[in-house]
Amino acid sequence: MPADPIKRGAFITVEGGDGAGKTTLARALAACLVDAGHQVRLTFEPGGTELGNHLRSLVLNPDLDLSDWEETWLFLAARASHVSKVIRPALQDGEIVISDRYADSTLAYQGFGRGLDLDRLRRVNDEATQGLMPDLTLLLDVPAKVGLQRTRARTSSRDRIGDAALAFHEQVNAGFRELANLSAGRVIVIDAARDATLVRAAALKTLREWLDRQLGDSPGVAEPGSADQ
Ligand SMILES: Nc1ncnc2c1ncn2[C@@H]1O[C@H](COP(=O)(O)OP(=O)(O)OP(=O)(O)O)[C@@H](O)[C@H]1O
Ligand SMILES: [Mg+2]
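Residues numbered from 1 in each chain as written. Chains lettered and ligands numbered in written order. Predicted model: local features only at pLDDT ≥ 70, side-chain atom pairs only at ≥ 80, totals over all residues. Heavy atoms only, no water.

A few words now on helix α2 (residues 50-60). Within α2, the full set of buried residues consists of Gly52, Leu55 and Val59. Across the axial projection of α2, the buried residues extend over an arc of 65 degrees, all falling on one side. Every exposed residue of α2 that faces more than 90 degrees away from the buried side is listed here: Glu50 and His54. Those residues of α2 that are buried lie in contact with α3 (68-92). (Buried < 20%, exposed > 50% of the residue type's maximum accessible area, 1.4 Å probe, protein only. Helix = DSSP H or I, 4+ residues; strand = E, 2+ residues; numbered from the N terminus. Arc of directions from axis to C-beta. Contact = heavy atoms within 4.5 Å.)

Here it is, written out as structure tokens:
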């Protein structure tokens, strides 16, 4: 896949198992970056486009019986739409894109969780993303049981993937950690079992250091508290 020669922004993803705190953190990071004067596009998967939102309701529908590859293709169709309609245009406009989940989720859930072939998943991911990988990934690591307790405390609505057995979610989490080991330069693991304030502080520290290295004279990242958290 050709690399995008006119990419100017930065692409950051937040990954982790169900209930790890991804959405909470992605919103907080976006608010801090906006406060510091950055142009930020906060987005999420599956979703972020009209097609993606339709596909999200399909893949999460507990009454729909999907094979593992049917599930995978739905996520990938959503991702292809997300990359071409949201992420790439925002990067080309020089924005900092923060995506709540992205390609690593496919490898962790459908690869390590469902047991599909990882090399094939990498190839189809590469097709769907046109080779676009994040510049930085914050991986929120929390025991599966804790994450599921958090999501179940938040909502009683059923979710085809969230409702899977604990063992499945443990495999997904182990998969994420393995992916972090394989991509140590891109993926930073954050202990997300701690209080949300501590998770946010750790993530902001990492992000600040990373942006200082990447963007040089950029506005940096505002201290939490100056933004509406
Ligand atoms: N560090 C934390 N400690 C305790 N609770 C948290 C923490 N972070 C987030 N929460 C709470 O846990 C619930 C799940 O958080 P959140 O929605 O951010 O997780 P998520 O990773 O986006 O979940 P999902 O995988 O379902 O999208 C929310 O009610 C949130 O307020
Ligand atoms: Mg979420």
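Before going further, it helps to examine the sheet that holds strand β1 (residues 10-16). Across the sheet, which stays open at both edges, the five strands sit in the order β2-β3-β1-β4-β5 with parallel pairing between neighbours. In this open sheet, the two strands that pair with only one neighbour each are β2 (40-44) and β5 (187-191). Pairwise comparison of adjacent strand axes, ignoring direction, gives a mean angle of 20 degrees for this sheet. Pairing geometry for β1 and strand β4 (residues 136-141), over five bridges, is parallel. Residue pairing across strands places Glu15 opposite Leu139, the latter belonging to β4. In the packing of helix α7 (residues 166-182) onto the sheet, contacts are made with β1, β4 and β5, and the angle to β4 comes to roughly 145 degrees. (Pairing = 2+ DSSP bridges. Axes fitted to C-alpha atoms, helices over the stretch in contact; angles between N-to-C directions.)

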